[in-house]
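# Chain and residue survey
What follows is the residue order along each chain.
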Amino acid sequence: QSTITWRMQTYAGPALAEHVIDPAIKMFNQIAGDRMQIELFYADQLVPTGELFRAMQKGTIDAVQSDDDSMASPTEVTVFGGYFPFASRYSLDVPVLFNQWGLNEIWDEEYSKVGVKHISAGAWDPCHFATKDPINSLEDMKGKRIFTFPTAGRFLSQFGVVPVSLPWEDIEVAVQTGELDGIAWSGITEDYTVGWADVTNYFLTNNISGAWAGHFFANMDRWNELPEDLQTLFKVCCDQSHYYRQWWYWGGEANLRVNGTKMQLTTIPDEEWATVEQAAVKFWDEVAAESETKAKVVDIFKRYNAEMLKAGRPYRYG
Amino acid sequence: MSQEFIAIFMFASMMLMLFTGQRVFGAIGAVAAIAALALWGTGGQDIPFSAAMKLMKWYPLLTLPMFIFMGYVLSESRLADDLYRMFHVWMGPVNGGLAIGTIGLMVLVSAMNGLSVAGMAIGATIALPELLRRGYDKTMVTGVIQAGSSLGILVPPSVVLVLYAMIARQPVGQLWLAGIVPGLLMASLFILYIWIRCRLQPHLGPAMEDAHKVPRAEKLRLLGAGALPLIIFASMMLPFVNGWTSLVESSAIGALAALVASILKRRMTWKIFEDCTKQTLAISCMFMWIILAALGFGAVFDGLGAVKAIENLFTDQLGLSPWLILILMQLSFIVMGTFLDDTAMLVIVAPLYVPLVGALGFDLIWYGVLYTITTQIAYMTPPFGYNLFLMRAMAPPEISLKDIYRSIVPFVGVMLLALAIIMIFPEIALWLPGYVYGN
Amino acid sequence: MKLMAAYVRIVDAINYRIGRVMMWGLFVMMAVLLWSSISKTFFLPSLWTLEMAQFAMVTYYIMGGPYSIQLGSNVRMDLFYHNWSPRRKAWFDAFTVLLLILYLGVLFYGGLGSTAYSLGYWGDEPVTYFAGLLTGNEEVGRLERSSTAWRPYIWPVKAMMVFGFFLMLLQAISEFFKDIARINGQEIGAGRA
Ligand SMILES: NC(=[NH2+])NCCC[C@H](N)C(=O)O
Ligand code: NA
Ligand code: NA
């Protein structure tokens, strides 16, 4: 029997992938041995990220790690992938929302419609600004050209931010060549890991989302062709990767804020930041008005956050 | 099929296709398409097109038409004529002085365009006839022009360094600055060579008697010609290095500055303008289509596992020291460069080499300079060399192909020497970017 | 042979005109980039400049491609080629240009699929889809948008690329006919440039 081989492309570049995906794939290949091998490719390596969804749908690429937003998947849930403003506060919120509050089912349904298998969702880091010049007030955000997620960009543009989308691997250089003034794409762990901390000077401690939501997907036919035990193994390795990120980011964020030397921290006072939080509430309603599915997801976010607030500390502080 | 076999198969068929004389992009694209259809599996037929989407997102490519246009404006409108007279008058009285002056001219021309074609054209149209008339040795002359014009891609702006920057993901600003001192070093070595050679054999480059007769005031006035390239250079580089404009915006400013200068100097006619625009399209298309095909080739090559095979070969199987690997890579570039297209080579081979160079602990800015010099050598070495072809097309009939081939030998020697010096002393390249960007 | 000559004349003329228009695209790119730096310095930077310049660049080189073939600017490795007789060149070209046509065909077909996708078609038969669009059996679905904050629809640029590849195919076929003619000792569609 010949070895099954898959090509998988992640939206992360090699430096980041070393943490967020390499270990899981190595593990999979080691356990699956001669039965199946996954070849991992990094951001834009085989196909540009913008074409990633279509490539997976057609089977040019067999599996993908990405958020819905970056790869522009043609579903109703795309806006919620990546950083949907203020939807979650902690990285544990994401798996709870998916496993206990019904998002898994919605995602599964949406992706089945477009011929793609949604395997599982995981949480990553919070979304902060890393910039060349300091941001101490909302005024300072005006006119800054920032690399960010499409939906986050749509949201932030009301504060004068100019969102820019470029291939992930080009970001560091784009900051250096003046195409960008900063980045709102990750927490501080990633800023240090991928080198962005070397080209920016300031880190804004306010975030617009507490955790990124991203997924593993596969081409539906390829997935169905797998024997059940390999499907299970794949899921287990995905979960392992989700677990790794839970502690890697959580510990990393705190450590680098306190001990990092490459970026200076700045903060916008809570009263002022409240404007942004209020704007998010309006943004949610706008999105909910766009379709039934979106309304369903927004409703879950609302009920979930209300419940967390009721639960009190340590779930929410005030 | 094993990955090693695929690697060899794809490369060999590309070479074979190139030897048939089909257009470079067609040769590369066809191999990519066939391999994608035959070997990829489901959905392989989409890879060549997705390369087009990848190319669209490569925003630094926008600089390409700008720098090409800049070069054409410069050579077609004869903006460099005054510069040439300046060097002519000031350097003429020395043995080999006109040749030395031509190198100086090439340095200034390099600062105003991103390729070496403009330098070649200027050298061949204004310097070459004059040098021959003054009794300079023909192999000396063609060698000087080919070697000198190759500085065009080392002194900023440089298209080759922009392309390298995209592949290696390094900042263009630092790469450009890194090219300046090595460029000047190489120019000095050329000059040194010419000077020594002409001292030993004055008949190769006889001194010019009548240059003394030019009045002092006129001589000083001519010095002013040198200001133009500096202004154009500064209009582009200052906003860029200071971060006021981005790279692509600066390239547009540079192109505009050259155009405005040629209009102000009353050198621009509608005919010339149209011609520059047309040539820019032609050359830009040549580059873009090669890059398009090479990106497709690269993705197929990579997706079929051939990249892994080559990586294994270098890292695991050979077990060599970092320096030896580096030298081997340079040698392979020089060998490939003698019969492969440089842009295709960059897009296909550099993605294999560059991460390895980084992993071995070498500086990728420095390596960019080494790469560029290697490319320059490739332009000049037979059988396949763009600058050779250009020279052959532009040289007057009394210069034979053999003369052209012979003429580059000492200059390639000088370039190899420069390459070695910069390899041994990386500081030559790294000092300036470190100083300006402060790290 | 007459038919071939007519084809060459028509295709070359069309591509010549399109190329002559495209060459001015350089200044479109230049204007967009200059506007980008001006707006950034004096007002708020615009959302659309970089992407717009990229669209312009793609249009420029793909639609300008056929004209660049007419101008003979697509370099060849002419180590041997250079020394061959015109007839021999034509013989080789007539074969290898078929491979070029294959490549362009793959580009074209991939582009067709991608354009169909950008119009909301997720199946594997773009040709059927486009035929269906004409007959009314298929309809436009979810339109793909660029994943940027500006979010332009992506189908116009993809459609333009497909059209450009098509023109390029026509031009390559024209070159093939010229080679056939040359093998027969004739010259059709004398170069314009
Ligand atoms: N890939 C190519 N076709 N490169 C041609 C460029 C070579 C030429 N001598 C220049 O630098 O201007
Ligand atoms: Na230059
Ligand atoms: Na060569």
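What counts, and at which threshold
Residues numbered from 1 in each chain as written. Chains lettered and ligands numbered in written order. Predicted model: local features only at pLDDT ≥ 70, side-chain atom pairs only at ≥ 80, totals over all residues. Heavy atoms only, no water. UniProt positions renumbered as here; feature names shortened; annotations may be inferred. Contact = heavy atoms within 4.5 Å. Buried area = accessible area lost by both parts, 1.4 Å probe. Salt bridge = Lys/Arg side-chain N within 4 Å of Asp/Glu carboxyl O. Polar contact = N/O pair within 3.5 Å; in protein donor to acceptor, adjacent residues only side chain to side chain. Helix = DSSP H or I, 4+ residues; strand = E, 2+ residues; numbered from the N terminus. Nonpolar A, V, L, I, M, F, W, Y, C, P; charged D, E, K, R; others polar. Pairing = 2+ DSSP bridges. Axes fitted to C-alpha atoms, helices over the stretch in contact; angles between N-to-C directions. Parallel < 35°, antiparallel > 145°, perpendicular 65-115°, else oblique. Left-handed = near helix turned anticlockwise from the far one by under 90°. Near = heavy atom within 4 Å. Areas by Shrake-Rupley, 256 points an atom, 1.4 Å probe, with all protein chains shown as cover. Donors = N, O, S within 2.8 Å, 3.2 Å for Na, K, Ca; no water. Buried < 20%, exposed > 50% of the residue type's maximum accessible area, 1.4 Å probe, protein only. 1 Å grid on protein atoms, 1.4 Å probe; cavity = no way out; pocket = protein on both sides within 12 Å on 5 of 7 lines; lining within 4 Å. Points joined across faces, edges and corners; volume = space filled by probe spheres on them. Disulfide = S-S within 2.5 Å. Right-handed = clockwise from strand over helix to strand, strands pointing away.

An unreviewed UniProt entry annotates chain B as TRAP transporter, DctM subunit originating from Ruegeria halocynthiae. In its Subcellular location (unreviewed entry) section, UniProt records this for chain B: "Cell inner membrane". Regarding chain B, the relevant UniProt record gives this comment under Function (unreviewed entry): "Part of the tripartite ATP-independent periplasmic (TRAP) transport system."

## Quick word on the interface of chain B and chain A
Listed as interface residues are 28 residues of chain B and, on the opposing side, 24 residues of chain A. Of the roughly 2,300 Å² buried at the junction of chain B and chain A (both faces included), carbon and sulfur atoms supply 51%. Across the contact surface, chain B and chain A share two salt bridges. The partner of Lys58 of chain A in a salt bridge is Asp46 of chain B, with the nearest N and O atoms 3.2 Å apart. In this structure, the connection of chain B to chain A is made through eleven residue pairs in polar contact (both at pLDDT 80 or more). Taken together, the elements giving at least two residues each to the side of chain B that touches chain A come down to helix 3 (47–57), helix 10 (172–200), helix 13 (247–264) and helix 14 (270–303) of chain B. Classifying every residue of the side of chain B that touches chain A gives twelve nonpolar, ten polar and six charged.

## Focus: the sheet that holds strand 3 (residues 63–66) of chain A
Residue and element names in this part refer to chain A. With mixed pairing, five strands are arranged side by side in an open sheet as 2-1-3-10-4. With one partner strand each, in any of the chains shown, strand 2 (36–41) and strand 4 (116–123) form the two edges of the open sheet. When the angles between neighbouring strand axes are averaged without regard to direction, this sheet yields 20°. Summarising the sheet, strand 3 and strand 10 (residues 213–219) pair through four bridges and their orientation is antiparallel. Across the sheet, Gln65 pairs through a bridge with Phe216, a residue of strand 10.

## Overview of the packing of helix 7 (residues 117–133) of chain B against helix 19 (residues 386–394) of chain B
Residues and elements named next belong to chain B. At a closest axis distance of 10 Å, the pairing of helix 7 and helix 19 adopts a crossing angle of 30°. Regarding the angle of helix 7 to helix 19, the classification is roughly parallel. When the axes of helix 7 and helix 19 are compared, the crossing they make is right-handed. Here Val117, Met120, Ala121, Ala124 and Leu128 of helix 7 come into contact with helix 19, specifically with Asn387, Leu390, Met391 and Met394. Split into classes, the residues belonging to the contact of helix 7 with helix 19 amount to eight nonpolar, one polar and no charged.

## A look at the environment of Met36 of chain A
Residue and element names in this part refer to chain A. Following the sequence through the fold, Met36 ends up in strand 2. Considered as a pair, Met36 and Phe80 are 44 residues apart in the sequence and their alpha carbons are 32 Å apart. Those residues within four positions of Met36 in sequence are excluded, and the remaining contacts are Thr3, Ile4, Trp6, Phe28, Asn29, Leu226 and Leu230.

## Here's the deal with the side chain of Ser46 of chain C
As for its position among the elements, Ser46 of chain C is in the loop between helix 2 (25–42) and helix 3 (49–63). A polar atom in the side chain of Ser46 of chain C sits 3.3 Å from the side chain of Trp35 of chain C. Within the local environment of Ser46 of chain C, its side chain forms a polar contact with the side chain of Ser39 of chain C, the two groups lying 3.4 Å apart. Among all residues touching Ser46 of chain C, those that are not within four sequence positions of it are Val162 of chain A together with Trp35 and Ser39 of chain C.

## Focus on the pattern of salt bridges
Scanning all chains against the criterion turns up 32 salt bridges over all chains. A salt bridge links Arg20 of chain C to Glu274 of chain B; the shortest N-O distance between them is 2.5 Å. Of the two residues, Arg20 of chain C sits in helix 1 (residues 2–22) while Glu274 of chain B sits in helix 14, which places them in two different chains. Measuring nitrogen to oxygen at the nearest pair gives 3.2 Å for the salt bridge that ties Arg182 of chain C to Asp179 of chain C. Residue Arg182 of chain C and its partner Asp179 of chain C are located together in helix 7 (residues 155–183), separated by three residues, close to a single helical turn.

## Quick word on the site of ligand 1
All names here are of chain B. Inspection of the region around ligand 1 gives Leu115, Ser116, Val117, Met286, Phe287, Asp341, Asp342, Thr343, Tyr379, Tyr386 and Asn387 as its neighbouring residues. Ser116 has a polar side-chain atom sitting 2.7 Å from an oxygen atom of ligand 1. In the model, a nitrogen atom of ligand 1 is placed 3.0 Å from a nitrogen or oxygen of the Tyr386 side chain. For ligand 1, whose accessible area on its own is 350 Å², the fraction buried by protein is 97%.

## Notes on the coordination of the sodium ion (ligand 2)
All names here are of chain B. The sodium ion (ligand 2) binds to the protein through Ser110 (O), Asn113 (O), Gly152 (O), Val155 (O) and Pro157 (O), with metal-donor distances spanning 2.3 to 2.4 Å. On the primary sequence, the residues serving as donors to the sodium ion (ligand 2) are separated as S-x2-N-x38-G-x2-V-x1-P. Of this pair, Ser110 sits in helix 6 (residues 97–110) while Gly152 sits in the loop between helix 8 (138–149) and helix 9 (159–168); the two residues are 42 residues apart in sequence, bridging distant segments of the chain. As far as burial versus exposure is concerned, Ser110 and Gly152 are alike and both buried.

## Considering empty space enclosed by the protein
As enumerated under the stated definition, the model contains nine cavities of 30 Å³ or more in all. Here the largest cavity defines a volume of roughly 310 Å³. For the largest cavity, the lining is made up of 25 residues, of which Val164 of chain A together with Leu47, Thr49, Leu50 and Glu51 of chain C are closest to its centre. Those elements that place two or more of their residues in the lining of the largest cavity are strand 7 (162–164) of chain A, helix 13 of chain B together with helix 2 and helix 3 of chain C. When residues of the lining of the largest cavity are assigned to their parent elements, the largest contribution, four residues, is made by helix 3 of chain C. A breakdown of the residues in the lining of the largest cavity according to their chemical character gives twelve nonpolar, seven polar and six charged.

## Digging into the sheet that holds strand 6 (residues 145–148) of chain A
Residue and element names in this part refer to chain A. One open sheet accounts for six strands, arranged 7-6-8-5-9-11; its pairing is mixed. The open sheet is flanked by strand 7 and strand 11 (264–266), the only strands paired with a single partner. When the angles between neighbouring strand axes are averaged without regard to direction, this sheet yields 30°.

## Some thoughts on the interface of chain B and chain C
Between chain B and chain C, the contact holds 62 residues from the first and 64 residues from the second. Between chain B and chain C, the buried area comes to about 5,800 Å², and carbon and sulfur atoms account for 76% of it. Counting across the interface, chain B meets chain C through two salt bridges. The tally of links from chain B across to chain C stands at seven residue pairs in polar contact (both at pLDDT 80 or more). Within the residue set of the side of chain B that touches chain C, elements represented by two or more residues are helix 1 (3–19), helix 2 (24–39), helix 3, helix 4 (63–76), helix 13, helix 14 and helix 19 of chain B. Its residues assigned to classes, the side of chain B that touches chain C shows 43 nonpolar, eleven polar and eight charged.

## Describing the state of the cysteines
All names here are of chain A. The final tally for this structure, using the stated rule, is zero disulfides over all chains. For the unlinked cysteine Cys238, the closest cysteine sulfur is that of Cys237, found at 7.2 Å. Taking the relative accessible area as the measure of exposure, Cys238 reaches 3% and is therefore buried.

## Considering the packing of helix 6 of chain B against helix 8 of chain B
Residues and elements named next belong to chain B. For the pair helix 6 and helix 8, interaxial distance at closest approach is 9 Å and the crossing angle is 20°. Our classification of the angle between helix 6 and helix 8 gives roughly parallel. Where helix 6 crosses over helix 8, the two elements pack in a sense that is right-handed. Seen from helix 6, the contacting residues are Ala99, Thr102, Ile103 and Met106; seen from helix 8, they are Val144, Ile145, Gly148 and Ser149. Among the residues making up the contact of helix 6 with helix 8, the classes are represented as five nonpolar, three polar and no charged.

## Looking at the pairing of strand 6 of chain A
Residues and elements named next belong to chain A. Side-chain alternation along strand 6 places Arg145 and Phe147 on one buried face and Ile146 and Thr148 on a second face that is also buried. Both strand 6 and strand 7 contribute to a ladder of three bridges, which runs parallel. By the bridge assignment, Phe147 is partnered in strand 7 with Val164. Between the parallel elements strand 6 and strand 7, the chain passes through helix 6 (residues 150–156) in a crossover that is right-handed.

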